[in-house]
Amino acid sequence: MTSTIPTGTSSRTTTAGDAAPTDVPCREDYARLATELAERTEEKAATRQHAKGKQTARERLDAFFDDDSWTEVGRFTGGDVRTGNAGSAVVTGYGQVQGRMVAAYAQDFSVKGGTLGRVEGDKIIALMDRAITMRIPIVGMQDSGGARIQEGVVALSQYGRIFRKSCQASGLIPQISLILGPCAGGAVYSPALTDFIIMTRENSHMFVTGPEVVRATTGENVSFAELGGARMHNFQSGVAHYLAENEDEAIDYVRSLLDYLPSSCQSPAPRYDYEPSDEDEQAATRVGDLVPVDPRHPYDVVAVIEALVDHGEFVQIQELFASRIVIGFACLNGQSVGIIANQPKEDAGTLDVDASEKAARFVRFCDAFGLAIITLVDVPGYRPGTEQEQAGIIRRGAKLIAAYANATVPMVTVILRKAYGGAYIVMGSKSIGADFAFAWPGSEIAVMGAEGAVSIMYHREIAAVEKAGGDVEAERARLVEQYHAENIGPDLSVQTGELDGVIDPTDTRRVLIDSLALLATKDQTVPHLKRHDNAPQ
Ligand code: HXC
C-alpha cells in the first residue's frame, strides 16, 4: 500500500494567535496518533485473522493490487483517532491490477465480525459510486457476519442500497466477489448480484439461513460446509464460479479474470500484442486429431479449446458445475473472447437445465461487455426425461435461447462433430443470431438422430414388415442407414446458408481469427424502444 487518505475526522494546524484547544491534536500529533492506531488495529486484526488461517482485510488488498499501487480511502471513517476508535469494519480503496485501475473493498472480520452497519454501507456504496463514475471494475471481499444486529433495520437498509447500486452497476462495470469467510443471511445477495463469485476451499461459507436457524426451524442437523461451503456452491448450487485452494489462489484467479475483461461496457475488449508462435500453429494444425470420428466417443473439449487459442491459455469459469458445458475466456490473435463449448466427456455434452443457465448467463455477460462469443458445438440434444421436464427445462432452457438471440456482439460458431435438434439451433446457430457458422467435415447435423426419425417416419412400414413375418430389425437397420445417408450431414445447412462453409479442422483457428477481424466493425447498436425484455429468468 502506498498511501492513505484519512477522512471523517478533522485535524487542525496550530498557528500563532490561534492556539489549538488541548483536546484537538495538531497536524503532527494527529498523524502520529493515526499511524499508531493503524498499527495497533492491524496487529489486532492479524492476530485474530491469522489464528483462523485467514489474512486481514489490508493484507488481502495488498495481495490483490499490483505492488505498492493502491490507496485506501476512509481509513478512519466512523472512528475517532483521538479516542483510539479505528472506525469501520470494511476497508475500501482503489489501485491497479496489471496496470489497470480497479476499485475494491474488503470486509474486516476483526472489527465487529466484519458486520455491516450504517458506516460500512456508506463506505461500500461510495466506492461503488466511484467505480461507476470512473467506469472501472469493482471487487468485493466478503468476510462478515452480515447485517449488524445492534444497528437493526438501519443495517438492513444499507444492504438494500448496496443491492440497488449493484444492479445499477450490472452490465456497466464488471463486479467480482471473493468469499473469504462467512457470508450469511440476506447478505449473500450482495455477491449474488455480481458477475463472478470465487470461494476458498476452507473458511468460506454462503447461506441464507445458518445451521443454527436450520436446526431450530426444521430440525435438520447440517454442517457449515454442507449448507454453504465452497464445494457445495461450486459442484451443486452453481452459486460459485471458482473453487480456490486458498486466499492467494483466489486472488490470483481474480487478477487473471480481470485480464480478459474490459474496464466497463464503454471500453473496448482487451487486446494484447500477439506474436505468432510455432507452438500455437502446431497445436491448431493438430486440433482435428483431438476429436474422435465416432460421434459417440467421448473426448475433452477443453483440449480442443486450448489447441485453438493463443498460448493454449483458457480461463475456465464454473468448471465444476454443469460440466457438460464449458465456458471461459481466452484470446485469439490477442483479442479477448468468451468461449462456450459442449463437453462430450460429461453426459455426452447434452444440454440440461443447469448447463443452459450456466451458458446463458455467460453469453449475457460477454454481450454486456462487448466480448465476442465463440461457440464450439458437439451436442446430441437436450437431455430427455421426466427429471429434466420437472426441473423446468422449458423455461430454464429458454434462457440460453434468449441470451443468444438478444446478443449483438460478434458471434462465430463451429460445429465440431454433431448438432441435433433444438440444441443445434440454440447453440449459437446462425438462425439464432451468429454472424458466421462453420462445420467440420463429416459433422452430423439433423433434426434428430436416425433411430428416432425412422421410428416416427416409418412406423407403418415397420409394422407391415412385422405383420408379414419379415425381419423387422433388418428393415429398421436399412431405413436408418438410408435416413442417415440422405438427411444427416451439413449439406442442407450449407445449401440454405445456415452454414457459411465446411472447414478443415486445421483451418479453424485461422477462420476464427479472420471472422473476428471482419466483425470488428460490426454495428452492435441495440434499439431502445422498449423498457426491457421479459426474457425467462
Ligand atoms: C453483530 C456480530 C454479528 C452480527 C457476528 N458478530 N455476527 N455482531 N451482528 N450479525 C460478532 C460476534 O458477536 C463477535 O463479536 C464477532 O462478530 C465475531 O463473531 P464470532 O461469532 O465470534 O465468530 P465465528 O465463531 O467465526 O462465527 C462467525 C459467524 C457467527 C458464523 C458469522 O458470528 C454468526 O453466525 N453470526 C450471525 C450470522 C447471521 O445470522 N447473520 C445474519 C444477520 S441478518 P465479539 O465482540 O465477540 O468479537 C442479515 C440480513 C441482511 O445479514 C439482509 C439483507 C436483505
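If you're wondering where the values come from, they're calculated on a predicted model, not measured in any experiment.

(A) Seen up close, the site of the ligand. Every one of the 20 residues lining the ligand counts as a neighbour, but Lys 52, Gly 145, Ala 147, Ile 149 and Gln 150 are closest to it. Gly 145 places a main-chain nitrogen or oxygen 2.7 Å from a nitrogen atom of the ligand. For the ligand, the accessible surface in isolation is 1000 Å², of which the surrounding protein chains cover 54%. Breaking the shell around the ligand down by element, the ones donating at least two residues are α4 (152-169) and β6 (175-184). Of the residues forming the shell around the ligand, the biggest block, three residues, is contributed by α4. For the shell around the ligand, the class distribution of residues is ten nonpolar, six polar and four charged.

(B) Structural view of the pairing of strand β13 (residues 372-379). Taken across its eight residues, β13 has eight buried, putting it largely inside the fold. On β13, burial covers both faces: Ala 372, Ile 374, Leu 376 and Asp 378 on one face and Ile 373, Thr 375, Val 377 and Val 379 on the other are all buried. Taken together, the five bridges between strand β12 (residues 335-342) and β13 define a ladder with parallel strand orientation. Following the sheet pairing, Val 337 is matched in β13 by Ala 372. Tracing the backbone out of β12, into helix α12 (residues 353-368) and back to the parallel element β13 gives a crossover that is right-handed. As defined by bridge partners, β13 adjoins strand β14 (residues 411-420) across six bridges and the pair is classed as parallel. Note on β14: the bridge partner recorded for Ile 373 is Met 411.

(C) View of the environment of Ile 339. Considering the arrangement of structural elements, one finds Ile 339 in strand β12. Residue class for Ile 339 comes out buried when judged on its relative accessible area of 3%. Ile 339 sits 72 residues away from Met 411 along the chain, and the two C-alpha atoms are 10.0 Å apart. Among residues more than four places away in sequence, those in contact with Ile 339 are Ile 305, Val 309, Phe 314, Val 326, Ile 327, Gly 328, Ala 330, Phe 362 and Ile 374.

(D) Quick look at a nonpolar patch on the surface. A surface patch of nonpolar side chains, amounting to about 280 Å² of accessible area, comprises Val 153, Val 154 and Leu 156. Its place among the elements puts Val 153 in helix α4.

(E) Local environment of the pairing of strand β3 (residues 90-97). Of all the eight residues making up β3, six are buried; the element is thus mostly covered by neighbouring parts of the structure. Where strand β2 (residues 71-73) meets β3, three bridges bridge the pair, whose relative direction is antiparallel. Residue pairing in the sheet places Thr 71 in a bridge with Tyr 94 of β3. In terms of strand pairing, β3 meets strand β4 (residues 100-107) through eight bridges, oriented antiparallel. Within the sheet, the bridge partner assigned to Tyr 94 lies in β4 and is Ala 103. In this antiparallel pair of consecutive strands, β3 and β4, the connection spans two residues, and Gln 98 shows a positive phi of 50 degrees.

(F) Local environment of the confidence of the model for the chain. Of all residues in the chain, 95% have pLDDT values of 70 or greater, and the mean over the chain is 93. Here residues 5-20 is modelled with pLDDT under 50, and outside its nearest four sequence neighbours on either side it reaches 29 contacts, counting other chains as well.

(G) Summary view of helix α20 (residues 508-519). With twelve residues, α20 ought to run about 16 Å at 1.5 Å a step, and its terminal C-alpha atoms sit 16 Å apart, in line with that. Where α20 is concerned, the buried positions are Thr 508, Arg 509, Val 511, Leu 512, Ile 513, Ser 515, Leu 516 and Leu 519.

(H) Highlighting the pattern of salt bridges. Taken as a whole and judged by the stated rule, the model has 32 salt bridges. A salt bridge links Arg 383 to Glu 387, with the shortest nitrogen-to-oxygen separation between them at 3.5 Å. Residue classification places Glu 387 among the partly exposed residues on the basis of a relative accessible area of 49%. Between Arg 510 and Asp 514 there is a salt bridge, with the nearest N and O atoms lying 3.0 Å from each other. Residue Arg 510 and its partner Asp 514 are located together in helix α20, separated by four residues, close to a single helical turn. If you follow the salt bridges from partner to partner, you end up with Arg 324, Asp 347, Asp 352, Arg 383 and Glu 387 in one network.

(I) Summary view of the environment of Asp 533. By the secondary structure assignment, Asp 533 is in the segment after α20. Polar side-chain contacts of Asp 533 include one of 3.3 Å to the side chain of Asn 406. Engagement of the side chain of Asp 533 in a polar contact is seen with the backbone nitrogen of Ala 535, the distance being 3.3 Å.

(J) Layout of the side chain of Asn 234. You can see Asn 234 is positioned in helix α8 (residues 230-237). Assessed through its relative accessible area of 3%, Asn 234 is described here as buried. If we ignore the near neighbours within four places in the chain, the residues touching Asn 234 are Met 199, Ala 240, His 241, Tyr 242, Leu 243, Leu 320 and Phe 321.

Quick notes on the rules
- Every chain's residues receive numbers from 1 upward, in the order its sequence appears when written.
- In keeping with the model being predicted, local features are shown solely for residues with a pLDDT of at least 70 and side-chain atom pairs are shown and tallied solely at 80 or more, while totals for entire chains, interfaces and linings include all residues.
- Side-chain measures here rest on the full set of heavy atoms in the structure, leaving out hydrogens and waters.
- Throughout this document, a residue counts as near a molecule or strand when at least one of its heavy atoms sits within 4 Å of that molecule or strand.
- Whenever a nitrogen or oxygen atom comes within 3.5 Å of another N or O atom, the pair is scored as a polar contact, on the condition that within protein one atom can donate a hydrogen and the other can accept it, and that pairs from neighbouring residues in sequence are kept only if both atoms are in side chains.
- Computed by Shrake-Rupley with a 1.4 Å probe, the accessible areas treat only the displayed protein chains as cover when residues are assessed.
- Here a helix means four or more residues in a row that DSSP labels H or I, a strand means two or more in a row labelled E, and each is numbered from the N terminus.
- Side-chain classes follow a simple rule in which Ala, Val, Leu, Ile, Met, Phe, Trp, Tyr, Cys and Pro form the nonpolar group, Asp, Glu, Lys and Arg form the charged group, and the remainder, Gly included, forms the polar group.
- Think of it in three bands: with a 1.4 Å probe and only protein chains considered, a residue is buried below 20% of the maximum accessible area for its type, exposed above 50%, and partly exposed in between.
- A pair of strands is labelled paired if DSSP reports no fewer than 2 bridges between them.
- A clockwise course of the path from the first strand over the helix to the second, judged with the strands pointing away from the viewer, identifies a crossover as right-handed.
- Two residues form a contact once any of their heavy atoms are found within 4.5 Å.
- Within the patch definition used here, like charges are joined within 9 Å and nonpolar side chains (Val, Leu, Ile, Met, Phe, Trp, Tyr) within 5 Å, considering only residues with over 30% relative accessible area and no salt bridge.
- A pairing counts as a salt bridge when a side-chain nitrogen of Lys or Arg comes within 4 Å of a carboxyl oxygen of Asp or Glu.
- Summary of the metric used: pLDDT quantifies the predictor's per-residue confidence within the range 0 to 100.
- To estimate the expected span of a helix, count its residues, drop one, and scale the result by 1.5 Å.

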